[in-house]
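Listed below, chain by chain, are the residues.
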Amino acid sequence: MSAQEATPQATDMGLVVVGAGGRMGQTLIRTIAAIPGARLAAAIERTGSPALGRDAGELAGIGANGIVIGDDPLPAFAKADGVLDFTQPAASVEFAGYAAQARIVHVVGTTGCTPQDDAAIAAAARHATIVKSGNMSLGVNLLAVLVEQAARALAPEDFDIEVLEMHHRHKVDAPSGTALLLGEAAAEGRAIALAENSERGRDGLTGARRTGAIGFASLRGGSVVGEHTVFLSGQGERIALTHQAEDRAIFARGAVKAALWARSRKPGLYSMRDVLGLS
Ligand SMILES: NC(=O)C1=CN([C@@H]2O[C@H](COP(=O)(O)OP(=O)(O)OC[C@H]3O[C@@H](n4cnc5c(N)ncnc54)[C@H](OP(=O)(O)O)[C@@H]3O)[C@@H](O)[C@H]2O)C=CC1
Ligand SMILES: O=C(O)C1=N[C@H](C(=O)O)C[C@H](O)C1
C-alpha cells in the first residue's frame, strides 16, 4: 500500500465502479484507494469489454487490489453501499433501476441523457439515493452559482449569454453536461426555461441573435479534460467566467464525496449543489 492510499476499514462505504475500464472508471478506482471512508467493493464493465477478467487496481495503475472486473452488476450491487457511474445514458438508466432494487446510493456523472432517461432515473430515485450532476467538481458548481448571480444582475436586453466548451476528441455528446448545467444556472438567474430559450449549433444564414437567448458552442480536440466559459456580452464590455479542468481526479473526488454524503440521506434525486451546500 503506498503512502497516498488509505487503510481500508470494515465500516468504509463499499462502492461499485461501473464502466471500470473507462477514463473516469480508472480515475475513480485510483481515487477510492486514496480516500478514507471509502473502499472499492466491485468493478463492472459491459459484456464483451476487453477489461473483463483484469484486476481493477492493475488496470488503473495502482497495483493489484484483488478486485476482478466482471460484467454482472446485480450481485455486485447487492453487497455494496453505493455505485459510481460514469458510463453512457442507457447504461445509467439500467444501473439506476438496479440501485433502486438494492436500495443503495447511485452517483451518476454520465452526460448526454435525454429527458426520457432523466425521467427514468428520477423514478428510480423513489428507492435509491441518487446524486446526478453534469459536473462533480467543486469549481464548476461554484461557477454555476456565480453565473446565476451574474445572469440575475444583468438584463437580457443589455447582456447576451453564450456558453463555450472544449473537450478531448473522444467525447461523444454535445453540448457537454457542464455547459448545460451552466446554461440552466443562467436560465435560473433570468427566471426563464432553458429548453425554450437556448440556441445551439448555429450554421449558415441564422439571422440575428434572439434577445434573451442562451447560446451554446462546442469544440473538440486532443486531450482537453474540460474547459467552460460563460460569456456575458454587452455594448462595449464583456465578462468571461471560466473553469479549466486540469485533471479528471477533480470529478472523481467529487463523486466519492457525493457517495459518502448520500449514504445518510433518504432516497431521492440530489445534485452536487446539495452535496456541496451551495443550493
Ligand atoms: N459529471 C462529471 O463530472 C463527469 C462526467 N463525465 C461523463 O462520464 C461519461 C464517461 O466518460 P469517460 O470516462 O470519459 O468515457 P469512457 O468511454 O472512457 O468510459 C465509459 C466506460 O463505460 C463503459 N460502459 C458502457 N456501457 C456500459 C455498461 N452497460 N456496463 C458497464 N460499463 C459500460 C464503457 O465501455 P466501452 O468503452 O467498452 O463501451 C467505458 O469503459 C461521459 O458521459 C462523460 O461525459 C466525465 C467526466 C466528468
Ligand atoms: O466527457 C468528459 O470528459 C466530461 N464530461 C462532462 C461534461 O459533459 O461536461 C464533465 C467534464 O467536462 C468532462
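Computed from a predicted structure; not experimentally measured.

Enquirer: Looking at this structure, how should I read the overall build of the chain?
Expert: Scanning the chain for helices and strands turns up nine helices and 11 strands. Its C-alpha radius of gyration of 20 Å places the chain within 12% of the 19 Å reference for a compact globule of 279 residues. Along the three orthogonal principal directions, the C-alpha set of the chain runs to about 60 × 40 × 35 Å. Long-range contacts, defined here as pairs at least 24 residues apart, represent 70% of the contacts in the chain between residues at least 6 apart. A total accessible area of about 13300 Å² is found for the chain, and carbon and sulfur atoms account for 51% of it.

Enquirer: I'm lost on the sheet that holds strand β2 (residues 38-44) in this one. Help?
Expert: Within a sheet, neighbouring strands are paired by backbone hydrogen bonds and run either parallel or antiparallel to one another. In space, the six strands of this open sheet follow the order β2-β1-β3-β4-β5-β11, with parallel pairing throughout. In this open sheet, the two strands that pair with only one neighbour each are β2 and β11 (268-270). On average, adjacent strands in this sheet sit at an angle of 20° to one another, irrespective of strand direction. Bridging between strand β5 (residues 129-132) and β11 involves three bridges; their strand directions are parallel. For T129, the partnering residue across the bridge sits in β11 and is G268. In this fold helix α4 (residues 89-102) packs onto β1 (13-18), β3 (82-85), β4 (105-108) and β5, with an angle of close to 165° to the strand it touches most, β4. Against the sheet, helix α5 (residues 115-124) contacts β5 and β11, and its axis sits at roughly 145° relative to β5.

Reading the values: the criteria
Each chain has its residues counted from 1, following the order in which its sequence is written. As a convention, the first chain written is A and the first ligand written is 1, with the rest following in written order. Local features in a predicted model are, by the rule used here, given only for residues with pLDDT of at least 70; side-chain atom pairs are given and counted only at 80 or more, and totals for whole chains, interfaces and linings are based on all residues. The side-chain figures draw on all heavy atoms in the structure; neither hydrogens nor water molecules are used. Here a strand is any run of E in DSSP of at least two residues, a helix any run of H or I of at least four, and the numbering for each starts at the N terminus. C-alpha atoms define the radius of gyration, and 2.2 Å times the number of residues to the power 0.38 defines the globule rule. By definition, residues are in contact when any of their heavy atoms lie within 4.5 Å. Here the Shrake-Rupley method, with its probe set to 1.4 Å, supplies the accessible areas, and only the displayed protein chains count as covering residues. What makes two strands pair is DSSP finding at least two bridges between them. Fitted lines through C-alpha atoms give the axes, limited to the stretch in contact for helices. The angle between two N-to-C directions lies from 0 to 180 degrees.

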